[in-house]
Amino acid sequence: MPETGKRAGVPADWTYLPEPARIVSIRREAVDAVIELELADRSALGHKPGQFVQVSMFGFGEIPISICSSPTRTGRFKLCVRPAGHVSNALYRASEGDWVGIRGPFGRGFPIRTMRNRDVLAVAGGIGLAPLRSLIQYVRDNREAYGRLVVVYGARNPSLILFRTDVEAWTRGEDVEMFLTVDEADESWTGRTGVVTGPLKEIDLSTRSTVAAVVGPPVMFRFVAAELLAKGMNRRRIFFSLERRFECGIGKCGHCQLNGMYVCQDGPVFRYSDLEGFSEAVEARAPER
Amino acid sequence: MMRDRSLPSYCVISPGSVLDFTAGILGKGPVMGPMVRPDQPGFHVFDRLRRPEDLVLEYTTTTMPPKKAFFPPTETVFRFSAGDPPNLTPVRGDPPWVLLGVHPCDLSAIDALDRAYSFPPPDRRWRHNRDRSIIVGVDCMPDEYCFCDSLGVSQARRPCDLFLTEIERGYLVETHTRAGGELLGEARTSNALGQDFLEAEHRRRQKALGIQARLSADPGRLADFLEAEPFQEIWEDIAARCYSCGSCNTTCPACFCFTMDDVFHWDLQSGERRRAWDSCQLLDFAAVAGGHRFREDRWQRVRHRWHRKFLHLYRRFGRPFCTGCGRCSRACTADINILDETNRIIAAATKGRGHA
C-alpha cells in the first residue's frame, strides 16, 4: 500500500491522519513568517520543488502551504505563511517547539527533469516566491546540471518583499540573474518599479532552451504568458503553478477541481499549453489587447 | 471478491421469513434500512433499524441517499490531545454490518463512489466502511421524477450481495456474492420456480413502463455536447432561479465532496477533526486564502454541477455521476428539475442537426 504510507510510521489506512511535526524555528516578519519544521520521526519530507503540504494547527484546522525549501538542503523543511485566515493566523503566532500536523507532500511540482541542461526562468509575484524559492535553491544546489538561472520577482511594495536575505544573496550571486521590482515604491526605494512584465521585456532569453516557472496571483499569469510568447517561447515550456482550494490533497474533496483536473493531484504545476484548453483556468486566458 | 460461477443463484423468501431474517441479522450488529420518517409519515429514511417490523421494503425514494451508511453527513476523522508530540487517535467509521433495502439507482451510486474513492490515492475511510458491510438491494416502483432507465441503472445490481424482487409469495432473492449467500444462510427459503421468475420479470416490465421521464440523449453524447458548447444562456437562466442552497448536492447519492474542520473540546487541550459533506453550489466552495473565489458567479457554479456529473467524472470514471433518482429535483427549493434542464441542453445542442 505505497500511496500514503511511503515513510515509516505512517499507518497507510488512515488517509487523513497527519504526522506530527515540530516547529524548529520561526522567523516572523511584518507580513509573513517562515517556519522551519521537522517531522516527529526526523525523516525527510521527501518532496520535490513546487509541491505542497497540508498543515494542521490542531483545534484550528488544516490548510495547504507550498514548501519553500529545497529537498537538497536538510531533512527539515520550511513553509512561508501569510496570516490570511483562521489557521494561518494561528500558525503565524506559533512558537518554536510547538507541534503541527503534516500530510503530504502532494501534487506535481516543477519540471526539474525538463529543466535539466536548459535555462531556468522563475517568475514570481507576491507570495508566489515561496514555492519558487524551493526551485531556485534546488537549481543552485545542482548548478552544473542547469543553464542560466533567471529570477524575476515582483512585490507590491518594498515592505512586502519576502525572503530578503535570499533575494539579496541572489542579487549578489554570480550564478543567478536577479530582477527585483515593486509595484509601488516608497521614499527609501531605489530599485526598479513596475510589474514583472517590465523586466521580462528587457531580458535577453535564449527562448529555445528556456523553461519558465511562473507563480503569482491569477491576474499576473496571463500577462506573463503574453510577454513570454511575444519573446518567442514555446507554450509547452511555460509552467504555471495554480492556486486553488485544497482540502484533502488526494483528489477527493472536490474543492480544487478545474475542468476535468484535480489541481492537488494533476497540478498544481501545469503546462501553459494544457491550461489553454481549460475554460476554468482563468489564469491562462489571453489578455485583451 | 473472487468470481463464483454458481452466482447469481436464486430462491424465494416469504414475507414472514423476511421478518425472521431481519430479526436474525439485527441481533448480530448495527443494521441500516429504509423506514417511515417519524417526523413526516409517508416519507422514508435510511436509519438504524431497531425492530424488524420497522423495515419498509416497498418505499418511495428516501430524501437522503444511503451513501451515509459509509460516508456520514458529519463524522470524526481523528481525535487529538496536547502532548509532546501531540496524541492523534484515528477514529474508524461505524458502518452498519448490513445495509438493507437499497434501490438499483442507489446501488449504482454506491458503485460510482466506489470508483471515485478508490481512484489512487484512495480514500481508505470509504473502503474500510464498504469492506465491512453487506448490501441487500430491493427493486422499486418509480415516480415521475425518476429517469434511471435512460441512464442504464434501472436494473443495476452492482454492488449488492443480495437482491430482492417482490412477487406473489414474497420475494425472489438473487444471491450475487458469497457474503450474500452466507448472510442468507439460515433464512427459511424455498426453491425459485418458473412462475416466480415470470412474476419478477413482469414486475420489471411494469417498472420500466412506469419510468416515463427520459434523458433525450445517451450519457456519452451528453458529455460530448457539454464539452463542445458553452450553453451560457441556459446556465444563466438556471442560475436566475437557483438560490445556491446546496439541497441538490446534499440529497445526491453520487455527490462526494466534503470539507474538514476542527473543534476544540471544553478543556482546550483536546479536540477532533470533523469531516462533513460539502456543496459546490455554495459561494465559498472554491474560495482561496487570498480571497479569490473561483466560480464567484452563480451560473459558474450551476455549470460546474452539470459539468462534474455529466462530463468530468464521466470522462474519468466512464459513467455519469447521476443515477436518475430525482432526489435533487424533489428537494430543489426553486423547482429546478435536473432532467428538464439537461434535456434543454440536449435540445439546444441538437437543434437544427436533424437528430434530436
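Residues numbered from 1 in each chain as written. Chains lettered and ligands numbered in written order. Predicted model: local features only at pLDDT ≥ 70, side-chain atom pairs only at ≥ 80, totals over all residues.

1. As for the overall build of chain A
Of regular secondary structure, chain A possesses eight helices and 15 strands. In summary, chain A has a C-alpha radius of gyration of 18 Å against a globular reference of 19 Å for 289 residues, a match within 12%. With respect to the principal axes defined by its C-alpha atoms, chain A has extents near 50 × 45 × 35 Å. Here chain A holds 289 residues, and the buried ones make up 52% of them. Here the contacts in chain A between residues at least 6 apart in sequence split such that 70% fall between residues at least 24 apart. (Helix = DSSP H or I, 4+ residues; strand = E, 2+ residues; numbered from the N terminus. Rg over C-alpha atoms; globule rule 2.2 N^0.38 Å. Buried ≥ 20, exposed ≤ 12 C-beta atoms within 10 Å, placed from the backbone. Contact = placed C-beta atoms within 7 Å.)

2. Looking at the confidence of the model for chain B
Residues and elements named next belong to chain B. Across chain B, the average pLDDT comes to 94, with 98% of residues at 70 or higher. Ranking the elements of chain B by mean pLDDT puts helix α3 (residues 124-131) last, at 92, and strand β7 (residues 134-138) first, at 98. ipTM for the predicted complex: 0.91, alongside a pTM of 0.93. (pLDDT = per-residue confidence, 0-100.)

3. Topic: the domain arrangement of chain A
All names here are of chain A. We note that the domain assignment places domain 1 (19-105) and domain 2 (112-284) within chain A. The distance between the C-alpha centroids of domain 1 and domain 2 comes to 21 Å. With 20 residues of domain 1 at the interface, the matching set in domain 2 holds 19 residues. Broken down by secondary-structure element, the contributors of at least two residues to the side of domain 1 that touches domain 2 are β3 (52-57), β4 (61-66) and β6 (99-106). Looking at the side of domain 1 that touches domain 2 residue by residue, the classes come out as eight nonpolar, seven polar and five charged. (Domains from an automatic or database assignment. Nonpolar A, V, L, I, M, F, W, Y, C, P; charged D, E, K, R; others polar.)

4. Examining helix α9 (residues 298-317) of chain B
Residue and element names in this part refer to chain B. With 20 residues, α9 should cover 28 Å at 1.5 Å per step; its first-to-last C-alpha distance of 27 Å lies within 8% of that length. Along α9, the largest kink reaches about 50° and is centred on Arg-308. Across the 20 residues of α9, 14 count as buried, placing the element largely inside the fold. Just downstream of α9 lies Gly-318, where phi reads positive at about 75°. (Expected span 1.5 Å × (residues − 1). Bend = angle between axes of the 7 residues up to and from the residue.)

5. Here's the deal with the sheet that holds strand β11 (residues 258-264) of chain B
Residue and element names in this part refer to chain B. A sheet is described by the order of its strands in space; here four strands give the open sequence β5-β4-β12-β11, paired in antiparallel fashion. In this open sheet, the two edge strands, each paired with only one partner strand, are β5 (87-90) and β11. This sheet shows a mean twist of 25° between the axes of neighbouring strands, independent of strand direction. One ladder, built from seven bridges, connects β11 with strand β12 (residues 270-277); its direction is antiparallel. Looking across to β12, one finds that Met-260 is bridged to Arg-275. (Pairing = 2+ DSSP bridges. Axes fitted to C-alpha atoms, helices over the stretch in contact; angles between N-to-C directions.)

6. Overview of the interface of chain A and chain B
As a measure of interface size, the accessible area lost when the parts come together is often cited. Counting residues at the interface gives 34 residues for chain A, matched by 37 residues for chain B. Looking at which element gives the most residues to the side of chain A that touches chain B, the answer is β4 of chain A, with three residues. Of the residues in the side of chain A that touches chain B, the class split is 14 nonpolar, 12 polar and eight charged.

7. Overview of unusual backbone geometry
Both trends apply: most residues other than glycine have a negative phi, and most peptide bonds are in trans. Residues and elements named next belong to chain B. Across the junction of Leu-7 and Pro-8, the peptide omega takes the value -5°, indicating a cis bond. For Pro-8, the location among the structural elements is in the segment before β1 (9-13). Cis geometry is adopted by the peptide bond preceding Pro-85, which originates at Asp-84 and carries an omega value of 0°. Within the secondary structure, Pro-85 is located in the loop between β4 (74-81) and β5. Of note, the phi angle at Phe-231 is positive, near 50°, even though the residue is not glycine.

8. Some words on the environment of His-265 of chain B
Residues and elements named next belong to chain B. Mapped onto the secondary structure, His-265 falls in the loop between β11 and β12. In this structure the C-alpha to C-alpha distance between His-265 and Phe-80, which are 185 residues apart in sequence, comes to 9.8 Å. Setting aside residues no more than four positions away along its own chain, His-265 makes contact with Ser-270 and Gly-271.

9. Observations regarding the domain arrangement of chain B
Residues and elements named next belong to chain B. The assigned domain composition of chain B is domain 1 (9-70 + 94-210) and domain 2 (219-261 + 279-350). Computed from C-alpha coordinates alone, the two centres of domain 1 and domain 2 are separated by 28 Å. Taken residue by residue, the interface counts 21 residues in domain 1 and 21 residues in domain 2. In terms of residue class, the side of domain 1 that touches domain 2 is built from 14 nonpolar, four polar and three charged.

10. Describing the pairing of β4 of chain B
Residues and elements named next belong to chain B. Taken together, the seven bridges between β4 and β12 define a ladder with antiparallel strand orientation. Opposite Ser-81, over in β12, you have Ser-270 as the bridge partner. As judged from the four bridges shared by β4 and β5, these two strands associate in the antiparallel manner. Within the sheet, the bridge partner assigned to Ser-81 lies in β5 and is Asn-87.

11. As for the confidence of the model for chain A
Per-residue pLDDT for chain A averages 91, and the proportion of residues at 70 or more is 94%. In this model, residues 1-12 of chain A is a region of pLDDT below 50 whose contacts with residues beyond four sequence positions or in other chains number 18 contacts.

12. Describing the packing of helix α7 (residues 232-241) of chain B against α9 of chain B
Residue and element names in this part refer to chain B. Look at α7 against α9: their axes get within 8 Å of each other, and the N-to-C directions meet at 110°. Here α9 runs roughly perpendicular to α7, going by the angle between their axes. In this structure, α7 uses Trp-235, Glu-236, Ile-238 and Ala-239 to contact α9, whose residues at the interface are Arg-298, Trp-299, Val-302 and Arg-303. Split by residue class, the contact of α7 with α9 holds five nonpolar, no polar and three charged. (Parallel < 35°, antiparallel > 145°, perpendicular 65-115°, else oblique.)

13. Quick look at the nonpolar core
Residue and element names in this part refer to chain A. By size, the foremost hydrophobic cluster in this structure holds 90 residues, and its most contacted members are Ala-122, Val-151, Ala-212 and Val-214. No other element matches the seven residues that helix α3 (residues 129-141) contributes to this core. A domain split of this core shows at least three residues from each of domain 1 (19-105) and domain 2 (112-284). Residues within four places of Val-151 in sequence aside, it is in contact with Ala-122, Ile-136, Trp-170, Val-176, Met-178 and Phe-179. (Core = buried A, V, L, I, M, F, W, Y, C linked by C-beta atoms within 7 Å.)

14. A short note on the environment of Leu-339 of chain B
Residue and element names in this part refer to chain B. Mapped onto the elements, Leu-339 comes out in helix α11 (residues 338-350). A residue is classified by how many C-beta atoms lie within 10 Å of it, and Leu-339, with 21 of them, is buried. Each C-alpha atom, one on Leu-339 and one on Ala-223, is 15 Å from the other, the two residues being 116 residues apart in sequence. Excluding residues that lie within four positions of it along the chain, Leu-339 makes contacts with Phe-147, Ala-213, Leu-215 and Ser-329.

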